[in-house]
Amino acid sequence: MSTALVHRFAPRGAAIEAWNYRGPEALLAGPAGTGKSRLALEKLHAMALKNPGMSGLIVRKTAVSLTASAVATYERDVAAEALLDGSVKFFGGSTREPAQYRYSNGSHIALGGMDNALKIMSTERDAVFAQEATELSQDDWEMITTRLRNGQVRFQQLIADCNPQGPDHWLKKRCEAGKTVMFHTRTTRGTSTPTAP
Ligand SMILES: Nc1ncnc2c1ncn2[C@@H]1O[C@H](COP(=O)(O)OP(=O)(O)OP(=O)(O)O)[C@@H](O)[C@H]1O
Ligand SMILES: [Mg+2]
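Residues numbered from 1 in each chain as written. Chains lettered and ligands numbered in written order. Predicted model: local features only at pLDDT ≥ 70, side-chain atom pairs only at ≥ 80, totals over all residues. Heavy atoms only, no water.

Of all residues adjacent to ligand 1, which total 15 residues, the nearest are G33, K36, S37, R38 and D77. A distance of 3.1 Å separates an oxygen atom of ligand 1 from a polar backbone atom of T34. Contact with the protein chains covers 72% of the free accessible surface of ligand 1, which is 630 Å². Those elements that place two or more of their residues in the shell around ligand 1 are α2 (36-50) and α3 (63-78). Sort the elements by how many residues they give to the shell around ligand 1 and α2 lands first, with 3 residues. Its residues assigned to classes, the shell around ligand 1 comprises 4 nonpolar, 5 polar and 6 charged. (Near = heavy atom within 4 Å. Polar contact = N/O pair within 3.5 Å; in protein donor to acceptor, adjacent residues only side chain to side chain. Areas by Shrake-Rupley, 256 points an atom, 1.4 Å probe, with all protein chains shown as cover. Helix = DSSP H or I, 4+ residues; strand = E, 2+ residues; numbered from the N terminus. Nonpolar A, V, L, I, M, F, W, Y, C, P; charged D, E, K, R; others polar.)

Right, dumping it as structure tokens:
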């Protein structure tokens, strides 16, 4: 009998469209607890597993705020099985390299804050998850997009999440201008079997 650990995830509602989206900039917007961060983290994890050498980044305005949020969801809900069976290992970082999850196929997903941008911006990426993107400046956002050219995945993507903001926010305007595609997450339920990006 096999003892392999199986990870299960099925996006719901608008998260299904965000999962399948292959364009350069996606924004998940919706109330707390509607699965925004989970979707983005699952997508990066699936990209890392399927595409050896994939380079990912999970970024927030400050590195310290990442630990209690995205890191907790990633370790508890997304990569729990992979961390247990050793196919993903955590590296705590060094003076030269940011903290990161290293995959046995050569992929990695780094962690960092825009408060120490030099450390995370020197590396090219296939996908970046920007958590609580409304905390970022437009300069932060554009700097991140310049790093999206690692070419180990068929598409490169900045995927971000936020709680809904007023109409004057630069990110809302960016969506209205068609540069970023917005996906509205809700607490609806639905099922599907996603294919890995
Ligand atoms: N498709 C899903 N299947 C099972 N659990 C899910 C799914 N989507 C989200 N969850 C779980 O629901 C909880 C809330 O999800 P998540 O943290 O992604 O919400 P959020 O929209 O980012 O909220 P916040 O705005 O507070 O950051 C988490 O425990 C997450 O693992
Ligand atoms: Mg979240």
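For the structure shown, the criterion picks out 5 aromatic pairs. Summarising the aromatic geometry, the rings of F9 and W19 are spaced 5.8 Å apart at their centres and angled 45° between planes, so their arrangement reads as tilted. Here W19 lies in helix α1 (residues 14-20) and F9 lies in the segment before α1, a separation of 10 residues in the sequence. Here the aromatic cluster, defined as three or more aromatic residues joined through ring pairs, consists of Y74, F90 and Y101. Above the face of the F91 ring, R102 is positioned so that its terminal group lies 3.8 Å from the ring centre. (Phe/Tyr/Trp six-rings, centres within 6.5 Å; stacked < 30°, edge-to-face > 60°. Lys NZ or Arg CZ within 6 Å of the ring centre and 35° of its normal.)

Moving on, we come to the sheet that holds strand β4 (residues 100-103). Overall, mixed pairing links the 8 strands, which are arranged β3-β4-β5-β2-β6-β7-β1-β8 in an open sheet. At either end of the open sheet lies a strand with only one pairing partner, and these are β3 (88-91) and β8 (181-184). Pairs of neighbouring strands in the sheet enclose a mean axial angle of 20°, with direction left out of account. (Pairing = 2+ DSSP bridges. Axes fitted to C-alpha atoms, helices over the stretch in contact; angles between N-to-C directions.)

For an α-helix, the turn length of 3.6 residues means that residues three or four places apart are oriented alike. Considered for burial, the residues of helix α6 (residues 138-146) that qualify are D140, W141 and I144. Buried residues along α6 cover an arc of 100° about the axis, so they all sit on one side. Structurally, α6 contributes buried residues whose contacts are with β1 (25-29), β2 (55-60), α5 (117-121), β6 (127-130), β7 (157-162) and α7 (170-176). (Buried < 20%, exposed > 50% of the residue type's maximum accessible area, 1.4 Å probe, protein only. Arc of directions from axis to C-beta. Contact = heavy atoms within 4.5 Å.)

This part takes up the nonpolar core. Formed by 34 residues in total, the largest nonpolar core has its most connected members in L44, I58, Y74, F129 and I159. Elements that contribute at least two residues to this core include exactly α1, β1, α2, α3, β4, β5 (108-113) and β6. No other element matches the 7 residues that α2 contributes to this core. Once residues within four sequence positions are removed from consideration, F129 is found in contact with S37, A40, L41, L44, L57, I58, V59, A70, I159, A160 and D161. Listed in part, the 22 residues of the second largest apolar core include A117, W141, L148 and C162. (Core = buried A, V, L, I, M, F, W, Y, C linked by side-chain atoms within 4.5 Å.)

Before going further, it helps to spend a moment on α3. Spanning 16 residues, α3 covers only 20 Å between terminal C-alpha atoms, well under the ideal 22 Å at 1.5 Å per step. Along α3, the largest kink reaches about 35° and is centred on V71. The complete set of buried residues in α3 reads L66, S69, A70, V71, T73, Y74 and V78. (Expected span 1.5 Å × (residues − 1). Bend = angle between axes of the 7 residues up to and from the residue.)

This structure, assessed with the given rule, holds 0 disulfides. Distance from the sulfur of C162, which forms no disulfide, to the nearest cysteine sulfur (C175) is 7.7 Å. Given the relative accessible area of 4%, C162 is considered buried. (Disulfide = S-S within 2.5 Å.)

Across the 6 residues that make up β7, a large majority, 6, are buried. The alternating pattern of β7 places Q157, I159 and D161 on one face and L158, A160 and C162 on the opposite face, and all of these are buried. Strand direction decides the pairing type here: β6 and β7, joined by 4 bridges, are parallel. Directly across from A127, in β7, lies its bridge partner Q157. Remark: the β6/α6/β7 crossover connection has right-handed handedness. (Right-handed = clockwise from strand over helix to strand, strands pointing away.)

None of the figures reported here should be taken as evidence of function without further support.
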